[in-house]
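# Coordinates in review
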Amino acid sequence: MTDSGDSISRRSLLAGAAAAAGSAITARVLRADGAEAAAQAGPDPTKVPGDRPQVLGSRSPHETPEKLISSSIGGVTRTPLQDLYGTITPADLHFERHHHGIPRIEPEAYRLLIHGMVDRPMVFTLDELRRFPSVTRTYFLECSGNGGAGYSETPRADVSPQQLDGLLSGSEWTGVPVKTLFAEVGAHADASWFLAEGSDAAVMARSVPVEKAWDDALIAYAQNGEAIRPEQGYPARLLLPGWEGNANVKWVRRLELSDRPFMTRDETSRYSDPLKDGTARIFSFEMDAKSLITYPAHPVRLEGPGWVGITGYAWTGRGRIARVELSLDGGATWASASLQEPVLPKALTRFSFGWRWDGEPAHLMSRAVDETGYVQPTVAEMQAARGPRSRYHYNTIRGWKVGADGTIGFATV
Ligand SMILES: Nc1nc2c(c(=O)[nH]1)N[C@H]1C(S)=C(S)[C@@H](COP(=O)(O)O)O[C@H]1N2
Ligand SMILES: [Mo]
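Please read these numbers as outputs of a predicted model, since none were measured by experiment.

## Re the pattern of salt bridges
Summed over the entire model, instances satisfying the criterion amount to 25 salt bridges. Measuring nitrogen to oxygen at the nearest pair gives 2.9 Å for the salt bridge that ties Arg-206 to Glu-244. Taken together, the residues Arg-206 in strand β9 (residues 205-209) and Glu-244 in the loop between β12 (237-239) and β13 (252-258) connect sequence positions 38 residues apart. Taken individually, Arg-206 and Glu-244 each receive the classification buried, so the pair is uniform in this respect. Arg-323 is paired through a salt bridge with Glu-325; the nearest N and O atoms lie 2.9 Å apart. Taking the relative accessible area as the measure of exposure, Arg-323 reaches 35% and is therefore partly exposed.

## Quick word on the domain arrangement of the protein chain
Per the domain assignment, the segments making up the protein chain are domain 1 (76-157 + 167-281) and domain 2 (290-411). Computed from C-alpha coordinates alone, the two centres of domain 1 and domain 2 are separated by 28 Å. The junction of domain 1 with domain 2 conceals about 3100 Å² of combined surface from both sides, 58% of it contributed by carbon and sulfur atoms. The partner of Lys-346 in a salt bridge is Asp-216, with the nearest N and O atoms 2.8 Å apart. Here the side of domain 1 that touches domain 2 takes 4 residues from strand β6 (residues 135-142), the largest share from any one element. Residue composition of the side of domain 1 that touches domain 2, grouped by class: 14 nonpolar, 15 polar and 11 charged.

## So, the side chain of Glu-142
Its place among the elements puts Glu-142 in strand β6. Within the local environment of Glu-142, its side chain forms a polar contact with the side chain of Trp-315, the two groups lying 2.8 Å apart. Excluding residues within four positions of it along the chain, Glu-142 makes contact with Phe-95, Asp-165, Leu-167, Leu-168, Glu-244, Gly-245, Met-287, Lys-290 and Trp-315.

## Quick word on the sheet that holds strand β22 (residues 362-370)
Here we have 5 strands laid out as an open sheet, ordered β19-β18-β22-β23-β24, and antiparallel in their pairing. Unpaired on one side and paired on the other, β19 (335-336) and β24 (408-411) mark the two borders of the sheet.

## Concerning helix α6 (residues 178-185)
Looking only at α6, the buried set comprises Val-178, Leu-181, Phe-182 and Val-185. Along the axis of α6, the buried residues cluster in a sector spanning 100°; they form a single face. Looking one or two residues beyond α6, the residue adopting positive phi is Gly-186, at roughly 70°.

## A closer look at unusual backbone geometry
Comment: phi is negative for the bulk of residues other than glycine, and the bulk of peptide bonds are trans. In this model, Tyr-234 is joined to Pro-235 through a cis peptide bond whose omega is 5°. Assignment of secondary structure puts Pro-235 in the loop between β11 (226-227) and β12. The linkage connecting Glu-341 with the following residue, Pro-342, adopts the cis geometry, with an omega of -5°. Tracing the backbone shows Pro-342 in the loop between β20 (338-339) and β21 (349-357). Residues other than glycine seldom take positive phi values, yet Met-263 does so here, at roughly 55°. Among the structural elements, Met-263 can be located in the loop between β13 and β14 (273-274). The backbone of Phe-283 sits at a positive phi, close to 55°, despite the residue not being glycine. Take Phe-283: it is sitting in the loop between β15 (280-281) and β16 (290-295). With a relative accessible area of 19%, Phe-283 lands in the buried category.

Basis of the calculations
For every chain, the first residue of its written sequence is number 1, and the numbers climb from 1 along that sequence. As a convention, the first chain written is A and the first ligand written is 1, with the rest following in written order. This being a predicted model, a pLDDT of at least 70 is required before a residue's local features are given, and a value of 80 or more before pairs of side-chain atoms are given or counted; all residues contribute to the totals for chains, interfaces and linings. For side-chain calculations, the full set of non-hydrogen atoms in the structure is used, while hydrogens and water are omitted. When a carboxyl oxygen of Asp or Glu lies within 4 Å of a side-chain nitrogen of Lys or Arg, that pair is called a salt bridge. Helix numbers and strand numbers start at the N terminus; a helix is a DSSP run of H or I with at least 4 residues, a strand a run of E with at least 2. Buried residues are those whose accessible area, probed at 1.4 Å on protein chains only, stays under 20% of the maximum for their type, while exposed residues exceed 50% and partly exposed ones sit between those limits. Residue ranges for the domains originate in an automatic or database domain assignment. Buried area, as used here, totals the accessible surface that two parts lose on assembly, with accessibility defined by a 1.4 Å probe and the loss added over both. Under the scheme applied here, ten amino acids are nonpolar (Ala, Val, Leu, Ile, Met, Phe, Trp, Tyr, Cys and Pro), four are charged (Asp, Glu, Lys and Arg), and all others, including Gly, are polar. Here a polar contact is recorded for every N or O atom pair within 3.5 Å, except that within protein the pair must consist of a potential hydrogen donor and a potential acceptor, and residues adjacent in sequence are included only if both atoms are side-chain atoms. Here, two residues are considered to be in contact whenever any of their heavy atoms come within 4.5 Å of each other. Note on pairing: DSSP must find at least two bridges between two strands before they are called paired. This arc corresponds to the set of directions leading from the helix axis out to the C-beta atoms.

This is the structure we're talking about:
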């Protein structure tokens, strides 16, 4: 990744910062006219024939965003948040979390069994799932272990958005509502939970309250306009909008309705949140409101004073983001960032803010507020509530300290 003055100028233009000021401070003003100006503007691609199209498109060779494989067994890859625009994560850059590898599943061999407290236990093929009326919705997906490096008042400074919060992606998902399938099998009115089980070597399984099925749960088979990728659960996964990544069971092969939770390994020994009194939160599904400035951020270095188009993501599992507040002085004063419309519920929301950096040290922070009035907490507030060694659901306010030399370090207070 390069972080030249060019990319700063391009980003600040995109964020509307320079436009608002009436001039692009960091762009070059040509000191010539006519042919001389054209020569200064750079090489001319109109003089040679263009390339032929291919059956599959590919990125410009100059754009090389990559996932970060951050575990020795390859069970974790992180999305390069700092390299992305808008709110949709390209499918090949979606983060991955596998507890025992990516299974190979033949679409013709795939089956989804729905049984337990139902009138008619049924097995669905992939074609049968695709025959139901489908819905398409945009949602974020975040691992509840995301952001742990920020759960400290003295974190490492040399952390990038990808390293910190890369277990976060946003997609347009297509699938069949679970409620449609539950109506088909005749789910019993007194069924209150269902088990979702994956067909990977981990046989990952989670209990889900049945209300989520009646609300917005999906069996998703497509992502960003094409079939779901093997890494995301091909040919079908459970999608629980706004709920912790782990419960979104990939390669889903079985739903079992019951009147109690199943107490699987991944909701007892894992994915329950230790608290300071020695107890633990269990079934903490909802992802709380959170935000992250992805530009400017470590390891970018600002090349001198001028306009900076601050931008990043905000998201909440409870609905829509109402507001993102930014501080340039470590939390002493706050101002509202602009939100890119449309602001969709349980989806990544892009925020931006035009900042004229005067070259003095600064401390950038972002704070999300969602439509329920929930405000993203400080590390001190969250540690007071949950204890210093709590795990999962780290959604504290974070930010970046900008030095007078333009270098940037991760900071939480
Ligand atoms: N079957 C199965 N489902 C799974 C997992 C898994 O290992 N096996 N990992 C879970 C975890 S911890 C997360 S955060 C999300 C990650 O989804 P993704 O890999 O599509 O980003 O899938 C969840 N669903
Ligand atoms: Mo996860």
